[in-house]
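Each chain is listed here by its residues.
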Amino acid sequence: QVQLEESGGGLVQAGGSLRLSCAASGRTFQGWVRQARGKEHEFVATIRLNGGTTRYADSVKGRFTISRDSAKNTVYLQMSSLKPDDTAVYFCASSAYDSVNPYQYYTWGQGTQVTVSS
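Since the model is a prediction, treat every value here as computed from it, not as a measurement.

Okay, the overall build of the protein chain next. In terms of regular secondary structure, the protein chain is built from zero helices and ten strands. Shown N-terminal to C-terminal, the secondary structure of the protein chain runs as helices and strands in the order β-β-β-β-β-β-β-β-β-β. Dimensions of the protein chain along its principal axes, counting C-alpha atoms only, are 35 × 25 × 25 Å. Considering only contacts within the protein chain whose residues lie at least 6 apart along the sequence, 56% involve residues at least 24 apart. Put simply, the protein chain shows about 6400 Å² of open surface, and 44% of that area lies on carbon and sulfur atoms. Positive and negative charge centroids in the protein chain, built from 12 and 9 side chains respectively, lie 4 Å apart.

Another aspect to go through is the pattern of salt bridges. In the structure shown here, the tally under the stated rule is five salt bridges. Several salt bridges share partner residues, and in doing so they unite Arg34, Glu42, Arg63 and Asp86 into one network.

With that out of the way, let us pick up the packing of aromatic side chains. For the structure shown, the criterion picks out two aromatic pairs. With 5.8 Å between their ring centres and 40 degrees between their planes, Phe43 and Tyr105 make a pair best called tilted. Within this pair, whereas Phe43 is found in strand β4 (residues 41-48), its partner Tyr105 is found in the loop between β8 (88-95) and β9 (106-107), the two being separated by 62 residues in sequence. Tyr105 shares its class with Phe43; the two are buried.

A positive phi angle is found at Asn73, which is not glycine, with a value near 55 degrees. Not every positive phi belongs to a glycine, and Ser81 is a case in point at roughly 50 degrees. Counting through the fold element by element, Ser81 comes out in the loop between β7 (74-79) and β8.

What counts, and at which threshold
- Residues numbered from 1 in each chain as written.
- Predicted model: local features only at pLDDT ≥ 70, side-chain atom pairs only at ≥ 80, totals over all residues.
- Heavy atoms only, no water.
- Helix = DSSP H or I, 4+ residues; strand = E, 2+ residues; numbered from the N terminus.
- Contact = heavy atoms within 4.5 Å.
- Areas by Shrake-Rupley, 256 points an atom, 1.4 Å probe, with all protein chains shown as cover.
- Lys, Arg positive; Asp, Glu negative; His and termini not counted.
- Charge placed at Lys NZ, Arg CZ, Asp CG, Glu CD.
- Salt bridge = Lys/Arg side-chain N within 4 Å of Asp/Glu carboxyl O.
- Phe/Tyr/Trp six-rings, centres within 6.5 Å; stacked < 30°, edge-to-face > 60°.
- Buried < 20%, exposed > 50% of the residue type's maximum accessible area, 1.4 Å probe, protein only.

So far we have only geometry, and geometry alone does not tell us how the molecule works.
If you want it as structure tokens, here you go:
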């Protein structure tokens, strides 16, 4: 079985850190989309797999870092200084576009729950 789904979520206190991982999709842009309870999908971050150019939602800029390890064929989201508002299901996502629109991203897993307590 080829594992493409995201992993690394969990429960963390405010101010803490988590690192999410996902297998690279091979599409031009890969990143993360999240969905908080009762809310729409929200763009989090994306990285250009060829070159490493990154883009972040304003809400996470300076706290989250997206990266990729080409040798391991893996994309990471390092989340630091976590806030309760970061609580959501995080989905690995890919796109042909350099976009902040979550609807232009394809998600394929069930997501990993990130819960940040106050």
